[in-house]
Amino acid sequence: MTQYLVSRLLQSIIVIVGVTFFAFMTLQLAGDPTYLYVSDRASAEEIATIRQRLGFDRPLHEQYITYMTRMVQGDFGTSLVTKMPALDLVMTRLPATIELTLFAMILGLVLAIPIGILSATRRGTPLDGGIMLFAIFGQSMPSFWLGIMLILTVGLGLRWLPISGHVPVLQPLLSGDVGLAISNVPDALRHLILPGITIAVFSLSRNARLIRSTMLEVLSQDYVRTARAKGLRERSVVGRHAFRNSLIPVVTILGLEFGFLLSGVVVVETVFSWPGVGRLVFNSINQRDVPVVQAAVISFSFLFVLLNLLVDLVYARLDPRVRLN
Amino acid sequence: MSKSSFVRVLITVMMMGILLVPLSAGAQAPDDDTLVIAQTTDATSLDPPQVGSRPDANIIAHMFATLYDIEADGNIVPYLANDYRLSDDGTEITFTLNEGLTCHDGSPLTADDVVYSFQRAADPENAFTGNTPGFVFASVGYADARVESELEATIILERYQSIALGLLSEVHIYCRESYEDRTLEEAANFPIGSGPYQFVEWVKDDYILMERWEEFDLREPGFERIIWRVIPESSTRTAELIAGNIDIIANVPPDQHEAVNNSGAAEIQAVAGLRRIYVGFNFTDQFETAGSEGAEAIKDTDVRVALQYAIDVETICSFLLGTECERASGLVNPPNDNPDLEPYPYDPEMAEELLDAAGYPRDEDGVRFEVTLMAGRNRYLNDVDVVLAICQYLDEVGVRTNCELMDFGAQFVPLLVSQQAGPLYFVGSGGGNWNPLYEMADFANEASNPNYGFWDNPEWFDRWRSLADIRDPEEERAVVNEMLEVFYNDPPWLLLYSQPDFYGVSTRIDWEARRDEKVIVFDATLR
């Protein structure tokens, strides 16, 4: 197990270093960012001075090495736009993104399990067909369009839910104000539902299909047949014997799921005016605020790699064949 | 109860909770004391010298006052200062402050604070990149500031500048005591202002809350609180406006006007903005060297005049911008333009005649010459459609035009500011209605921005330099009119229009949008 752990840790570090390199290069290749920090009326001399001040005149490898050295020390640089530490900007917005992502993840999983099981146990019925149709529809809808539709129907038409905005729970919780966090929960939930559904629909559909197919596979196994032959109730056969074994692939995709949901928040946070990291990244890319984009991308990748590492460890625990191989 | 049963019950309660939450009221309409404004982007900084964008400037203008103020109609009126005097050589302006002014932390605001505000903005140690050090100080020729007395501060300029008062009216004032010991990060996030509203809270990417500063009596705002919300997506902004949760939104796309006007909850206010949209001609030799025949042709004044007749600006406005507009007759917006100059009409036959006469007849393929038109995407209202329409209009008179659309920030601006955009380039330039020279300063120099195309007509630039010695407003106006005539007859721009601005305004308030893109709400009141 130790060897497996060390091997996975090394792989994770390589992935993070690779991400930092590609994030850095992609932004640099898009053009000289100096021009975003000069007035249209700036002279060539002023542009050159500002380029030098911002460090954009130095060779790329030097900029990268300097950046990596500082990053290891916890210094991701200062935002070129706001003059604030880039990592602080990301961290102040991270709670809002985690709230949204976790909510969407729970929604996607909690609803997918009963839907997937129902579909598998009613295979070939109109209910199964309807569920699969919904799943395909859910996977085909662009989140941007779905978000706007939800705003127009549920938010504006029915006036059931807020159209945009955010009420924090994690932020006051982290700063020790438990009372405020608890009192915010009902309002926070109202604000979470529309963006949460928008993000969750794709993964809900995918998870439901995955659970259905693994359930179908498990239900055809000998031990399930044995369980039925023993006279167990169908509920016990499905719930205790089949469902638990069908969860292994679901656990595997949980880590990937988090990464997928994080990438989805960029669009959804913009549509619902959600003050999270996704919007910060979106705005920072537009403003070519290099340090903030790098800090956000690396934070995301770090979270993603960490979660997948955890999932792998859990998976290795659940299925010893993984670590043996 | 067994463990698994408990988990099941818990999940059921949570799901029911989520399902029941929608039954409570969805919308949160502002109360009568609160005005809610939605902007497209969050503020990047609330430190005045660092402020460079319009959304940031709108917020700052409610928390920080200036020495003089430019009103919606272009009048420059006293604000923190009640008077000013100019030195004989015109290089020193001494402002007299009102008595009893304070900043929001209670510090008294005196002449020393005015001097501090100017010197802090200009201090290279602070490396501010906002509008004050980046544009105002450069344009006005700011040299230094000094205290004359407790209520008198002098701003020293490198040269006489007839539009100095207007330019200096963009510099926000604050107290030395409030800022001297603060880091730049603190100053950017926790402003201590000098204006009608004081800062309360800034939740990044969400909202900024400000409350009325009762001790400020130079303005009488109609609302106790202003919330500046950040809603980047236009459909969401419009939905919030119609739902009654927002009072004012800017930049409403034309396709959403009908929905707003039919809602009964809000209406669209269309104003003739001051941002001048034009196609510039680049006169540098680089394109001819690269073999562009169009680059040579546009150096001919007759060709540039001919092309003015080829563009149907009124149709572009009504079909692509969703409003009627009048074509520009120069680089100065009405009412400061030259009233004797009529906008060039749309007359493609005249365009063809003039092009023939200029020595550019159609060839066998019907083409007179080829030229490239460069433009950035999605910076101005429906810019991509407008650029494609212009290319089409030019094609129709035999000028084969290659439209090169590119990313505005990453690709187009670097080309533009390094004078490499062209031979034709589509761009907009912010304007003002308080003095024609402010807009004419686009051509303050033959070889520096924003004269992106290096237009060097000596009839213009000789007169521009002569303005430095003119103190009489009538004499100055006469020279201005002559210069505008030079511009009209030897146009360095393919004249188009001033961009219309569309605001969505809630029917619960009375408020009139301004032409200069500023969202100032001191005079907004509840209906």
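Residues numbered from 1 in each chain as written. Chains lettered and ligands numbered in written order. Predicted model: local features only at pLDDT ≥ 70, side-chain atom pairs only at ≥ 80, totals over all residues. Heavy atoms only, no water.

A. Structural context of the overall build of chain A. Each helix and strand counted, chain A has 13 helices and zero strands in total. Mapped from its N terminus to its C terminus, chain A presents α and β elements in the order α-α-α-α-α-α-α-α-α-α-α-α-α. Of all 325 residues assigned to chain A, the portion counted as buried reaches 48%. The long-range share in chain A, meaning contacts at least 24 apart out of those at least 6 apart in sequence, stands at 75%. When the accessible surface of chain A is split by element, carbon and sulfur atoms take 67% of a total near 15,700 Å². Averaging the locations of the 27 positively and 20 negatively charged side chains of chain A gives two centres separated by 13 Å. (Helix = DSSP H or I, 4+ residues; strand = E, 2+ residues; numbered from the N terminus. Buried < 20%, exposed > 50% of the residue type's maximum accessible area, 1.4 Å probe, protein only. Contact = heavy atoms within 4.5 Å. Areas by Shrake-Rupley, 256 points an atom, 1.4 Å probe, with all protein chains shown as cover. Lys, Arg positive; Asp, Glu negative; His and termini not counted. Charge placed at Lys NZ, Arg CZ, Asp CG, Glu CD.)

B. Highlighting the nonpolar core. By size, the foremost hydrophobic cluster in this structure holds 218 residues, and its most contacted members are F118(B), I390(B), F426(B), M440(B), W460(B), Y497(B) and W511(B). In terms of residues, this core owes the most to one element, helix α4 (residues 86–121) of chain A, which gives ten residues. Contacts of W511(B), omitting those with residues within four sequence positions, involve I248(B), Q269(B), Y503(B), V505(B), V519(B), I520(B), V521(B), D523(B) and A524(B). Listed in part, the 18 residues of the second largest apolar core include A120(A), V224(A), A227(A) and F243(A). (Core = buried A, V, L, I, M, F, W, Y, C linked by side-chain atoms within 4.5 Å.)

C. Just the environment of I163(B), in detail. All names here are of chain B. As for its position among the elements, I163 is in the loop between β8 (152–157) and α5 (164–168). Accessibility expressed as a relative area gives 5% for I163, which makes it buried. When the C-alpha positions of I163 and V36 are compared, they lie 34 Å apart, and in sequence the two are 127 residues distant. Not counting the four nearest positions on each side in its chain, I163 is found in contact with W434, N435, L437 and Y438.

D. The sheet that holds strand β5 (residues 81–86) of chain B, seen in detail. Residue and element names in this part refer to chain B. As summarised here, the arrangement of the four strands in space is β5-β6-β8-β7, forming an open sheet in which the pairing is antiparallel. Two strands close off the open sheet at either side, each with one partner strand: β5 and β7 (142–149). Neighbour-to-neighbour, the strand axes of the sheet open up by a mean angle of 20°, direction not taken into account. Across six bridges, β7 lies against β8 in antiparallel orientation. Bridge pairing in β8 links A145 to I155. This element, helix α3 (residues 111–122), spans β6 (92–97), β7 and β8 of the sheet and lies at about 165° to β7. (Pairing = 2+ DSSP bridges. Axes fitted to C-alpha atoms, helices over the stretch in contact; angles between N-to-C directions.)

E. Focus on unusual backbone geometry. All names here are of chain B. In this structure, the amide linkage connecting P334 to the following residue, P335, adopts the cis form with an omega of 10°. Along the chain, P335 turns up in the loop between α13 (313–321) and α14 (348–357). Across the junction of G422 and P423, the peptide omega takes the value 5°, indicating a cis bond. As for its position among the elements, P423 is in the loop between α16 (408–417) and β17 (424–429).

F. Structural context of the pairing of strand β14 (residues 266–281) of chain B. Residues and elements named next belong to chain B. Counting buried positions over the 16 residues of β14 gives 13, a clear majority of the element. When β14 meets strand β18 (residues 493–506), the two strands line up antiparallel, connected through twelve bridges. Each bridged residue has a counterpart across the sheet, and for Y278 the counterpart in β18 is L495. Taken together, the six bridges between β14 and β17 define a ladder with antiparallel strand orientation. Across the sheet, I277 pairs through a bridge with G428, a residue of β17.

G. How the structure looks around the environment of Q499(B). All names here are of chain B. With respect to the helices and strands, the residue Q499 is situated in strand β18. Put simply, Q499 and Y380 are 119 residues apart on the chain and 8.0 Å apart in space, counted from C-alpha to C-alpha. Apart from the residues lying within four places of it in its own chain, the contact partners of Q499 are V271, A272, G273, L274, R275, I277, Y380 and L381. Engagement of the side chain of Q499 in a polar contact is seen with the backbone nitrogen of L381, the distance being 3.0 Å. (Polar contact = N/O pair within 3.5 Å; in protein donor to acceptor, adjacent residues only side chain to side chain.)

H. Structural detail: a positive patch on the surface. A cluster of basic residues, R233(A), R235(A), R240(A) and R244(A), forms a positive patch at the surface. Positionally, R240(A) belongs in helix α10 (residues 234–271). (Patch = residues over 30% accessible without salt bridge, like charges linked within 9 Å, V, L, I, M, F, W, Y side chains within 5 Å. Salt bridge = Lys/Arg side-chain N within 4 Å of Asp/Glu carboxyl O.)

I. Region of interest: the layout of surface pockets. The volume enclosed by the second largest pocket comes to roughly 1,200 Å³. Residue lining of the second largest pocket: 47 residues in total, with H166(A), E201(B), V203(B), D206(B) and Y207(B) positioned closest to the centre. Of all the secondary structure elements, the ones that give two or more residues to the lining of the second largest pocket are α4, α7 (170–174) and α8 (178–219) of chain A together with β1 (34–39), α7 (184–189), β10 (197–203) and β12 (225–230) of chain B. It is α4(A) that contributes the most residues to the lining of the second largest pocket, seven residues altogether. Among the residues forming the lining of the second largest pocket, the class breakdown is 22 nonpolar, 13 polar and twelve charged. (1 Å grid on protein atoms, 1.4 Å probe; cavity = no way out; pocket = protein on both sides within 12 Å on 5 of 7 lines; lining within 4 Å. Points joined across faces, edges and corners; volume = space filled by probe spheres on them. Nonpolar A, V, L, I, M, F, W, Y, C, P; charged D, E, K, R; others polar.)

J. Up close: the pairing of β6(B). All names here are of chain B. Strand direction decides the pairing type here: β5 and β6, joined by five bridges, are antiparallel. Looking at β6, one finds that R85 is bridged to T94. Linking β5 back to β6 in an antiparallel pair, the connection comprises five residues, with G90 at a positive phi of about 80°. Pairing analysis gives five bridges linking β6 to β8, with the strands arranged antiparallel. Across the sheet, F95 pairs through a bridge with A153, a residue of β8.

K. Examining the state of the cysteines more closely. Residues and elements named next belong to chain B. This model, assessed by the stated rule, comprises three disulfides over all chains. One disulfide bridge connects C103 with C175, the sulfur atoms lying 2.0 Å from each other. Disulfide C103-C175: torsion about the S-S bond near 90°, hence right-handed. Taken as a pair, C103 in the loop between β6 and α3 and C175 in the loop between β9 (172–173) and α6 (176–179) lie far apart in primary sequence, 72 residues in all. Per residue, the accessibility class of C103 equals that of C175, and both read buried. The disulfide bridge from C391 ends at C403, spanning 1.8 Å between sulfur atoms. What sets the handedness of the C391 and C403 disulfide is the S-S torsion sign, and at about 105° it is right-handed. Of this pair, C391 sits in helix α15 (residues 383–396) while C403 sits in strand β16 (residues 399–407), and the two are twelve residues apart along the sequence. Residue class for C403 comes out partly exposed when judged on its relative accessible area of 26%. Cysteine pairing in chain B follows 1-2, 3-4, 5-6, where each cysteine in a disulfide is numbered by its order in the sequence. (Disulfide = S-S within 2.5 Å.)

From the geometry alone we can't say anything about function, so treat these as descriptive.
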